[in-house]
Amino acid sequence: MSRPVRVRFAPSPTGLLHIGVAHTALFNWLFARKEHGSFLLRVEDTDTERSRQEWVEVIFDGLRWLGMDWDEEVVYQSHRVDRHQSQADALVEAGRAYRCYYLPEELEATRKEALAEGRSWRNDRRYADISDSEAEALEAAGRRPVIRLKIPEGRTVFQDRILGEIAVENETIDDFVIVRSNGTPLYHLAVVVDDADMNISHVIRGIDHVTNTPKHIQLFRALGAEVPEFAHLPSILGEDKKKLSKRHGAVSVTEYRDAGYLSDAVVNFLSLLGWQTGDDQEYFTRAEIMERFSLDQVHKRDTVFDLRKFEWLNGQHIMARSNEELWTLAQPYLSRAGLVAGGNGRDGDHDYALEVVGLLRERCRTLADFAVQGRFFFTDDFAYNPKAVRKHWAKEPEAVTERLGWLRAEFEALDELDTEAAEGVIRGLSERHRLKAAQFIHPCRVALTGEMAGPSLFHLIAVLGRVTCVERLGKAQDRLPAIVDQAAVAEG
Ligand code: GLU
C-alpha cells in the first residue's frame, strides 16, 4: 500500500516570495493536486531575528494570487519548539543521540590531531556514555552540552525522484548537532520532526537542500518514522548562468504582479522551469498544466530564467483573455498612472474602454503596458516623442502644419468619423495633393498619439472620435514649431 500523498511547502518568512521559492511551491502544489493528495503549509520561522509576520502575509498573498490553495491549518515551526526538544530528549533516551560536552576548541583540537596523524576524524563520542554523576560534575563546572545524533556505520542511500540514486558514506556525515548548548533545536531536527509529525510522504524542494538529505534520512530512521520520498528540483539560473538574484531583474512574485504579469502566465512560466513537457509547446493554460504535469518529467540539469520568454508568455496569456476581462485586469494599472476610465470627458464609458482594449491587446506584453501604450486614449496630456517629431514633423514643418490643417478641416466637416471615413479622407487628400498617404498618416499619428508606432491609425481615429481628433490636430498645428524646437534640443 502506498502512502497517501502529503507534501508541504516550507518557506522561511524572511523576505518577499522569491521566484525560486514560488517555483518549489508550485511543483509541490501541482504534484499534490495531480495525485489527489494534500498540500500543506509550514512556516519555518524559528529564526526569530529574520522572520517577520509581514513576510508570512506576503507569502500567503502570493500563493493565493497564483491560485495555490492549501489544505489544513498552517503549521508554524516556532510553535513546535517544545516538541522538537522532547523528540531530541527521546532520541537521547533511546541511545540514538547523545549529549556532547566537548568545548568547540577541544573538539577542534581532536580534529587537528587526527589530521596531523593522517587519520580520518570523527567525533570520538567520548561523552556519549558517561554516567549521571559525571554529567552533573561537568554541568557543575559550567559546561552545557549540545545534543548530537549518533550516525551509524555504513552508507545512506536513497532514490531521488529527479536525481536518481544518491549514496553517501556515513563517515562523511559526522554526528551532527541537533540541539545547541542553549537548548534551541537546530534546523535539521525541526524539519524532520515536523515532516514526521505531519506525515509528509514526499519532500519536494530545491536542490540546494540535497546535501542535507542524508542527515534528514538518518534522523527519520532514528525517530522510527517512515522516510519520505525525496525530489530535488533543479536550480534556477540567470542568463549568465549564475544563481538567480536581484542582478537579473525582478525576483519576487509581487514585483511581477506589480509589473502587470497575469497569474496564469507566472504559473505557466514557472512550470516550464525544469518540466520537460515532451514537445515544443510552451503556452499552457492552467488546466493543461494540471492535466499534463508529471514530477517524473522534471529534469535535473539547471534551468535558465529567460525573461524574454516570460514576457512573451505573458503576452500570449493577455491575448487569450476577452476585452472585458482585460479591462478589469488593466484598470488598476491605469488608475495608478492617474488615468481614469474613458478619459476625454468619457469617464465611465465602458464601450469606449473595451474598444481601446481591443486595439491594444495584441501590442501589450504586460497589463501595465495598457497604461503606457494606451495613455493617449485616456488623456490629452501626453508627451510628443522627440524621435517621432524629428522623423515625421521636423523635416518640413510648414508643409506638415498645412497637411494637419487639411485633415482637421475634413474631419470637422464629417457627420461621423468612423474607420472608413478616416481612410477615405486620407486617401482623398493624398490623391488631390499628389502626396503619398504616408505623408498624412505619420504626421497625423504623431499629432493624435505623440508616438510613431501604435495601433492602426484609421481604427484609433475612429475610437478617439471626431471631436478629440479635431482638437488634437488643431493643437498640433498651433504648437508644432515649439514642439519641433524641443525635439531638436532633446537630440542635442
Ligand atoms: N525552509 C526551508 C527553505 O526555505 C525549506 C526546507 C525544506 O523544504 O526542507 O529553504
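Refer to the preceding data block for the structure.
Quantities reported herein were computed from a predicted structural model and do not represent experimental measurements.

Novice: Looking at this structure, how should I read the overall build of the protein chain?
Specialist: A tally of regular secondary structure across the protein chain gives 21 helices and 12 strands. Considering only C-alpha atoms, the protein chain reaches an extent of 110 × 55 × 40 Å along its principal axes. Here the protein chain holds 492 residues, and the buried ones make up 48% of them. Accessible surface, the protein chain: about 23,500 Å² in total, of which carbon and sulfur atoms supply 48%.

Novice: So what exactly am I meant to see when it comes to the state of the cysteines here?
Specialist: By definition, a disulfide is the covalent link that joins the sulfur atoms of two cysteine residues. Tallied over the full model, the rule gives zero disulfides. Counting only cysteine sulfurs, Cys444 is the nearest neighbor of Cys469, a cysteine outside any disulfide, at a range of 6.9 Å. Taking the relative accessible area as the measure of exposure, Cys469 reaches 0% and is therefore buried.

Novice: Sorry, what's going on with the pairing of strand S7 (residues 164-169) here?
Specialist: Each regular strand carries side chains that alternate between the two faces of the sheet. Taken together, the six bridges between strand S6 (residues 155-160) and S7 define a ladder with antiparallel strand orientation. Looking at S7, one finds that Phe158 is bridged to Ile166.

Novice: What am I meant to see in the packing of aromatic side chains here?
Specialist: Inspection of every chain in the model, using the stated rule, returns 20 aromatic pairs. Where Tyr102 meets Tyr127, the ring centres are 5.1 Å apart and the plane angle is 85°; that geometry is what we call edge-to-face. Pair noted here: Tyr102 is in the loop between strand S4 (97-100) and helix H4 (104-116) and Tyr127 is in the loop between H4 and helix H5 (132-140), with a separation of 25 residues, a long-range link. Accessibility classification places Tyr102 together with Tyr127 in one group, the buried group. Aromatic side chains Tyr261 and Phe310 sit 4.6 Å apart centroid to centroid with 50° between the ring planes, which places their arrangement in the tilted category. Linking Tyr261 in the loop between helix H8 (253-258) and helix H9 (263-271) with Phe310 in helix H11 (residues 307-319), this pair joins segments that are 49 residues apart in sequence. According to the relative accessible area criterion, Phe310 is buried, its value standing at 0%. Directly above the ring of Trp65 sits Arg257, whose terminal nitrogen or CZ lies 5.6 Å from the centroid. Note that Lys475 overlies the ring of Phe382, its terminal NZ or CZ placed 5.9 Å from the centroid.

Novice: Could you clarify how one ought to interpret helix H20 (residues 457-464) in this entry?
Specialist: For an α-helix, the turn length of 3.6 residues means that residues three or four places apart are oriented alike. Counting buried positions along H20 yields six of eight residues, so the element is predominantly enclosed. Turning to H20, its buried residues number three or more, namely Leu457, Phe458, Leu460, Ile461, Val463 and Leu464. Turning to H20, the residues buried within the fold contact helix H13 (350-360), helix H15 (375-378), helix H17 (397-413), helix H18 (419-432), helix H19 (438-449) and helix H21 (466-491). Two residues or fewer after H20 comes Gly465, characterised by a positive phi angle close to 90°.

Novice: How do you make sense of H9 when you look at a structure like this?
Specialist: Most of H9 sits out of view: eight of its nine residues are buried. On its buried side, H9 packs onto helix H1 (19-34), helix H2 (53-65), helix H10 (286-292) and H11.

Novice: Just checking my understanding: could you explain the site of the ligand for this structure?
Specialist: Looking at the ligand, the residues that line it are Arg8, Ala10, Ser12, Glu44, Tyr187, Val191, Arg205 and His209. Backbone polar atom of Ala10 to a nitrogen atom of the ligand: 2.7 Å apart, as the coordinates give it. One nitrogen or oxygen atom from the side chain of Arg205 is found 2.8 Å from an oxygen atom belonging to the ligand. Contact with the protein chains covers 78% of the free accessible surface of the ligand, which is 300 Å². Its residues assigned to classes, the shell around the ligand shows three nonpolar, two polar and three charged.

Novice: Could you clarify how one ought to interpret the sheet that holds strand S8 (residues 177-179) in this entry?
Specialist: Backbone-to-backbone hydrogen bonds pair the strands of a sheet. The strands run either parallel or antiparallel. Read from one edge of the open sheet, three strands run S4-S5-S8, paired in antiparallel fashion. At either end of the open sheet lies a strand with only one pairing partner, and these are S4 and S8. Here the average twist between neighbouring strands, direction ignored, is 40°. For S4 and strand S5 (residues 146-149), the ladder comprises four bridges, and the chain directions are antiparallel. Across the sheet, Ala97 pairs through a bridge with Leu149, a residue of S5.

Novice: Honestly, the side chain of Arg205 in this entry has me stumped. Any pointers?
Specialist: Among the secondary structure elements, Arg205 is positioned in strand S9 (residues 202-206). Although Arg205 is buried, it makes no salt bridge; Asp195 carries the closest opposite charge, 5.3 Å away. Separated by 3.2 Å, the side chains of Arg205 and His216 make a polar contact.

Novice: Would you explain the pattern of salt bridges in this entry?
Specialist: Between side chains of opposite charge, a pair can form as their charged atoms come close. Under the definition given, this model contains 37 salt bridges. Its salt-bridge partner being Arg52, residue Glu54 comes within 2.8 Å of it at the nearest N-O pair. In this structure Glu54 comes out as partly exposed when scored by relative accessible area, which is 45%. By relative accessible area, which is 42% here, Arg52 ends up partly exposed. In the salt-bridge network here, residues are joined through shared partners; they are Arg8, Arg42, Glu44, Arg80, Arg83, Asp194, Asp195 and Asp197.

Novice: What exactly am I supposed to notice about the environment of Arg479 here?
Specialist: Within the secondary structure, Arg479 is located in helix H21. Spatially, the C-alpha atom of Arg479 lies 9.5 Å from that of Thr401, the residues being 78 residues apart in sequence.

Novice: Help me understand the nonpolar core in this model?
Specialist: Generally speaking, nonpolar side chains in soluble globular proteins are found buried as a group. With 79 residues, the main nonpolar core has Leu149, Ile178 and Phe305 as its most contacted residues. By residue number, the principal contributor to this core is H1, which donates nine residues. Each residue touching Leu149, except ones within four places of it in the same chain, is listed here: Leu91, Arg96, Ala97, Tyr98, Asp175, Phe176, Ile178, Gln218, Leu219 and Ala222. Ranked by size, the runner-up nonpolar core spans 59 residues in total, among them Leu326, Ala353, Val463 and Leu480.

Novice: Explain the packing of H17 against H19 to me, please; I cannot follow it from the model alone.
Specialist: When two helices pack together, their arrangement is given by the angle between the helix axes and the distance between those axes. Running from N to C, H17 and H19 cross one another at 85°; their axes reach a closest spacing of 10 Å. The orientation of H17 relative to H19 falls into the category roughly perpendicular. Along its contact with H17, which presents Val400, Arg403, Leu404, Trp406 and Leu407, the element H19 presents Gln439, Phe440, Pro443, Cys444 and Ala447. Among the residues making up the contact of H17 with H19, the classes are represented as eight nonpolar, one polar and one charged.

What counts and what doesn't
- Residues numbered from 1 in each chain as written.
- Predicted model: local features only at pLDDT ≥ 70, side-chain atom pairs only at ≥ 80, totals over all residues.
- Heavy atoms only, no water.
- Helix = DSSP H or I, 4+ residues; strand = E, 2+ residues; numbered from the N terminus.
- Buried < 20%, exposed > 50% of the residue type's maximum accessible area, 1.4 Å probe, protein only.
- Areas by Shrake-Rupley, 256 points an atom, 1.4 Å probe, with all protein chains shown as cover.
- Disulfide = S-S within 2.5 Å.
- Pairing = 2+ DSSP bridges.
- Phe/Tyr/Trp six-rings, centres within 6.5 Å; stacked < 30°, edge-to-face > 60°.
- Lys NZ or Arg CZ within 6 Å of the ring centre and 35° of its normal.
- Contact = heavy atoms within 4.5 Å.
- Near = heavy atom within 4 Å.
- Polar contact = N/O pair within 3.5 Å; in protein donor to acceptor, adjacent residues only side chain to side chain.
- Nonpolar A, V, L, I, M, F, W, Y, C, P; charged D, E, K, R; others polar.
- Axes fitted to C-alpha atoms, helices over the stretch in contact; angles between N-to-C directions.
- Lys, Arg positive; Asp, Glu negative; His and termini not counted.
- Salt bridge = Lys/Arg side-chain N within 4 Å of Asp/Glu carboxyl O.
- Core = buried A, V, L, I, M, F, W, Y, C linked by side-chain atoms within 4.5 Å.
- Parallel < 35°, antiparallel > 145°, perpendicular 65-115°, else oblique.

Purely spatial values, then, with no claim about function.
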